[in-house]
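Chain by chain, the residues:
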Amino acid sequence: MNQGVAITGMGIISAIGNTVEENFTALTNNKVGISTIDNIVTIHSDNIKVGEIKKTNEALVAELALPPGNNFSRTAMLGAIAAKQAVKNAGITDINEYKTGLISSTSVGGMDMTERYYYEYFKNSSILKYVESHDGGDSSQKIADTLGITEIVSTISTACSSAANAIMLGARLIKAGKLDRVIVGGTDALAKFTINGFKTLMILSDTDNTPFDNERKGLNLGEAAAYLVLESEEIVKKEGKKVLAYVSGYGNANDAFHQTASSENGDGAFLAMQKAMKVAGLGVDDIDYINAHGTATPNNDLSEGRAIIRMFGDKVPDFSSTKPFTGHTLAAAAAIEAVYSVLSLQNNVIFPNLNFKTPMSEFDLLPQTSLKHKPIQHVLSNSFGFGGNCSTLIFSKSE
Amino acid sequence: MSKCYINGTGCISAQRTFDTVFLEAAEVNNQENVLTIKDPVYKNYISPGAIRRMGKGVKAGIVASSQAMQEAGLENVDAIITGTGMGCMEDSEKFLKAIIDNNESFLTPTSFIQSTHNTVGAQIALGLKCTGYNFTYVQNAVSFESSLLDASLQFATDEIENVLVGGIDETVEYTMSLFKLAGYIKAESEKPYQIFPAKSKGVVYGEGATFFLLENKITDSTYAEMAGVEIINKLPVEEAEQRLNQFLAENDCRITDLDAVVLGYNGDIDDEIYFKNLAENCLKNITQLYYKHLSGAYHTSSAFGLWIGAKIIKTQEIPAIVRANAIAKDQYNTILLYNQHKGRDHSFTLLKRCQSTI
Amino acid sequence: MEAVKQELKEKIISVLNLEDVNPEDIKDTDPLFGAGLGLDSIDALELIVMLDKDYGIKLLDPKEGKAIFESIETMAKYISENRTK
């Protein structure tokens, strides 16, 4: 088994909590964050449910103490809050004491502001500042500036696998010695663009999402941000840092089947899991819990289910999707699920796959539907995005 | 622990570059402040059934990447890594306009699906049935260099033998009008537009798709070794020289080894400070080149710059149209590239001529 | 019904951006999906929106589309029976 890269801090804000502790309390008490939408006016508000963070943009501005002329998008604000938490949790007081970078990810970027002001720019010069914050790199730049990071800063945007890929790249940069430490993760805010986008694909559910259920209707969109701090072995030893867990395996593969749908037998998913297991030096017997992508779309759960069976045969470990708690937070999904994977390792607990009633007819897979306590050494986390982008991360316990 | 070599290129740009040897058909267009792609005939490369959904960037990316692969003699690759600053703007704008104009009704999925930033990389993979590693970077002026860095990490650990790396960005009318409103693009009143030396704020914008096929070995089609790449989010002018020396040292090089530098002069008088800082000091005795007057300035235009650097090493000729100074060298064996935008997202890239191709 | 069929052929070509196809090329009973015109699941979603926008027919389950969109013939029949515009 290969040890992997040390995680020394985490931060998160999601529909089920504004801190790591709040998220854990929610996960262990079936406290769900799915509701009707409040912060965005949309004609679909009666027909969708979302995992919304119940803070207005004004509240986020105040929380970050941003100056009045700022041009932070909601995506950037959520990201800054979570990233600051992670840095604090890692006990970092001087960010540039060691060579530190940031690899963030997003799919919405500043679109939440752009869609608001699209035609108004020509009438109102005070909002021109949001032209600059539209693109994907802006939220990362804002986070880097907030934290004081000056070295490698980059952003990955591969739809729903984005944050997994950010974590993967961060781990590789540490292993290659390009950075001593790196903040990795992702952020996405709710936006009309994505709500309408997923609506046109007819994969949004008007009720609470039900992953791996035969009657599943689709996903609930969510918003969130989460970051991990990864540090090199040298720093961990030198500073006597407490290691929360290790990123021990990672793999990215492409389904190369269709722009939005996954292949019937989950080829990309299978390859990604296989790669991750190889990097970690683990066998199928070693995985104690799979935090599935499990979006509750007809297509994903079937494809992912088949891939899991191909990978694990008759030794499928306990698995669950936590998206009934948080909704599908797009680029941030893999980041919040990374935090949940670490919590699982630290507390030897498997979080439930809520809302499950009827097993899928295509195979014999039953998710773990109640909170389960058992020793957990290794967690496998899946995230699959549009464009056939399939990523798997493996997290391992820190003794 | 492998090195990596540029063994194939494909360039679709505001110049005729897709069916030429180098820049023999290039002309400076100082009459337009947004330069648009000179299109190849896409139908010759992509089936009508596939073309019908594709935005400009996707079409150009597919052609440029297939040219790079063809030149290198490969039919598939181990990985595809792309960089894009603004993503698939055409489709993004189409979907957003439809949402606003139709009050969220009668929306169709195609433009939403095609608007995700990783569409170019995904469509290339789909066309090749390539199941390998597939990442997309969206970090402004280092979107492309992030891709190069990622590729170089994978060669260093021997995870891949070859990879397609590309930079793609497209222009679209409404967003360009916003950029003009915000002052990013030079005002119409400044015609004819001058990029170097810069006289005012703002750039001449552009679009393009430039792809490279990198391999872990030297072949008949090798241009140069991609010897090193570094990205630095903030680099104050007073620290630039020291940082450059460090970068070169890490790649077995010193300033005195450099034959030429390709600089990202973009016509903006504020951005120029960073380039002049090096050009007028530690790099003043080498051949200096620039390219954004040909490609336009956009987040991944530095890929066009790399294309120029690679072509120079291969042809050992400097087209007059890219010269920023009159210094000439007997041979061009080591070329540095430096780019940044608005004082951020700095990158150094180093190309070395391969001994066996001299 | 003939008018609807002709209209449908023209709409399909424009909505789905089938630049190289003419209305005369589409036979009434040729399969639209898979073989024949070779449309896919994304095209089906586009056609569902077209049914709503142009004929006032709302399909809530994309799976219903499979039977309706089998050919121009089946589409025209369904529209004639269900249109509200």
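Note that this is a predicted model, so its numbers are computed, not measured.

> It is not clear to me how helix α6 (residues 143-156) of chain B should be interpreted in this structure. Could you clarify?
Structural remark: α-helix, 3.6 residues per turn; residues separated by three or four positions point the same way. Residues and elements named next belong to chain B. An ideal rise of 1.5 Å per residue puts 20 Å on 14 residues; α6 measures up with 20 Å between its terminal C-alpha atoms. Taking burial as the measure, the 14 residues of α6 include 13 buried ones, the bulk of the element. One or two positions beyond α6, positive phi appears at D158, with a value near 55°.

> Teacher, can you tell me more about the sheet that holds strand β7 (residues 221-222) of chain A here?
Sheet strands associate in pairs through backbone hydrogen bonding, adopting either a parallel or an antiparallel arrangement. All names here are of chain A. The three strands are arranged β2-β3-β7 in an open sheet whose pairing can be described as mixed. Two strands lie at the open edges of the sheet, namely β2 (34-35) and β7, each paired on one side alone. Pairing between strand β3 (residues 50-51) and β7: two bridges, direction parallel. Counterpart to V50 in the pairing with β7 is L221.

> Looking at this structure, how should I read a negative patch on the surface?
Together, D78(B), D158(B), E159(B) and E161(B) make up a region of like negative charge exposed at the surface. When you line up the elements, E161(B) lands in the loop between α6 and β4 (162-169).

> Hey, could you run me through the interface of chain A and chain C in this one?
Often the size quoted for an interface is simply the accessible area lost on bringing the parts together. Every contact between the two is made by five residues of chain A and, on the other side, nine residues of chain C. Regarding the contact of chain A and chain C, the summed buried area is about 460 Å², with carbon and sulfur atoms giving 74% of it. Considering only the surface of chain A that becomes buried against chain C, L201(A), M202(A) and H258(A) emerge as the three largest contributors, covering 80% of it. Our count for the chain A to chain C interface comes out at zero salt bridges. On inspection of chain A and its partner chain C, the count reaches zero residue pairs in polar contact (both at pLDDT 80 or more). When the residues that make up the side of chain A that touches chain C are grouped by side-chain class, the tally is two nonpolar, three polar and no charged.

> So what exactly am I meant to see when it comes to the pattern of salt bridges here?
If charged atoms from side chains of opposite charge come close, those side chains can pair. Residue and element names in this part refer to chain C. Applying the stated criterion across every chain yields a total of 41 salt bridges over all chains. One salt bridge connects K58 with D52, and the closest N-O pair in it is separated by 3.2 Å. Classification of K58 by relative accessible area gives exposed; the value is 60%. According to the relative accessible area criterion, D52 is buried, its value standing at 19%. Residues K77 and E81 are paired through a salt bridge, measuring 3.3 Å at the closest nitrogen-oxygen approach. Note that K77 and E81 are positioned in helix α4 (residues 72-82) at a spacing of four residues, about one turn of the helix. By relative accessible area, E81 is classed as exposed at 55%.

> For this particular structure, what's the right way to read the interface of chain A and chain B?
Facing the 63 residues of chain A at the interface are 64 residues of chain B. Both sides of the chain A and chain B interface together cover about 5300 Å² of buried area, and 60% of this is carbon and sulfur. The largest contributions to the chain A side of the interface with chain B come from Y118(A), F193(A) and Q259(A), which together make up 14% of the buried area. Across the contact surface, chain A and chain B share six salt bridges. Between D145(A) and R344(B) there is a salt bridge; the shortest N-O distance is 3.2 Å. Where the side of chain A that touches chain B is concerned, the elements lending two or more residues are α4 (111-117), α5 (129-132), α6 (136-147), β5 (153-156), α7 (162-175), α8 (192-200), β9 (245-254) and α10 (267-280) of chain A. Looking at the side of chain A that touches chain B, the element that brings in the most residues is α8(A), giving seven residues. For the side of chain A that touches chain B, the per-class residue count stands at 27 nonpolar, 26 polar and 10 charged.

> Just checking my understanding: could you explain the state of the cysteines for this structure?
Defined simply, a disulfide is a covalent bond joining two cysteines at their sulfur atoms. Inspection of every chain in the model, using the stated rule, returns zero disulfides over all chains. With no disulfide of its own, C282(B) lies 13 Å from the sulfur of C253(B), the closest cysteine sulfur.

> For this particular structure, what's the right way to read the packing of helix α2 (residues 57-64) of chain A against helix α3 (residues 74-89) of chain A?
A pair of packed helices is captured by two measures, namely the crossing angle of their axes and the spacing between those axes. Residue and element names in this part refer to chain A. Relative orientation of the contacting elements α2 and α3 amounts to 40°, with a least axis distance of 10 Å. Classified by the interaxial angle, the pair formed by α2 and α3 is oblique. The way α2 lies across α3 gives a crossing that is left-handed. Facing N57, L60, V61, E63 and L64 of α2, the residues of α3 in contact are R74, M77, L78, A80, I81 and K84. Classifying every residue of the contact of α2 with α3 gives seven nonpolar, one polar and three charged.

> Quick question: what am I supposed to make of the nonpolar core here?
General note: in soluble globular proteins, nonpolar side chains tend to be found buried as a group. Formed by 98 residues in total, the largest nonpolar core has its most connected members in L228(A), L230(A), L214(B) and L351(B). For L230(A), the residues in contact, after removing those within four places along its chain, are V5(A), A6(A), I7(A), I167(A), G170(A), A171(A), I174(A), D180(A), R181(A), V182(A), V184(A) and V247(A). The next biggest cluster of nonpolar side chains, apart from the first, holds 49 residues, and it includes F193(A), L201(A), F179(B) and V203(B).

> What is the right way to look at the confidence of the model for chain C in this model?
Interpretation of this model should avoid reading the predicted coordinates in detail wherever pLDDT is low. Residues and elements named next belong to chain C. Scored by pLDDT, chain C comes out at a mean of 90, with 100% of its residues at no less than 70. α4 holds the highest mean pLDDT among the elements of chain C, 94, whereas helix α3 (residues 65-68) holds the lowest, 88. With pTM at 0.96, the complex prediction returns an ipTM value of 0.98.

Calculation notes
- Residues numbered from 1 in each chain as written.
- Chains lettered and ligands numbered in written order.
- Predicted model: local features only at pLDDT ≥ 70, side-chain atom pairs only at ≥ 80, totals over all residues.
- Heavy atoms only, no water.
- Helix = DSSP H or I, 4+ residues; strand = E, 2+ residues; numbered from the N terminus.
- Expected span 1.5 Å × (residues − 1).
- Buried < 20%, exposed > 50% of the residue type's maximum accessible area, 1.4 Å probe, protein only.
- Pairing = 2+ DSSP bridges.
- Patch = residues over 30% accessible without salt bridge, like charges linked within 9 Å, V, L, I, M, F, W, Y side chains within 5 Å.
- Areas by Shrake-Rupley, 256 points an atom, 1.4 Å probe, with all protein chains shown as cover.
- Salt bridge = Lys/Arg side-chain N within 4 Å of Asp/Glu carboxyl O.
- Lys, Arg positive; Asp, Glu negative; His and termini not counted.
- Charge placed at Lys NZ, Arg CZ, Asp CG, Glu CD.
- Contact = heavy atoms within 4.5 Å.
- Buried area = accessible area lost by both parts, 1.4 Å probe.
- Polar contact = N/O pair within 3.5 Å; in protein donor to acceptor, adjacent residues only side chain to side chain.
- Nonpolar A, V, L, I, M, F, W, Y, C, P; charged D, E, K, R; others polar.
- Disulfide = S-S within 2.5 Å.
- Axes fitted to C-alpha atoms, helices over the stretch in contact; angles between N-to-C directions.
- Parallel < 35°, antiparallel > 145°, perpendicular 65-115°, else oblique.
- Left-handed = near helix turned anticlockwise from the far one by under 90°.
- Core = buried A, V, L, I, M, F, W, Y, C linked by side-chain atoms within 4.5 Å.
- pLDDT = per-residue confidence, 0-100.

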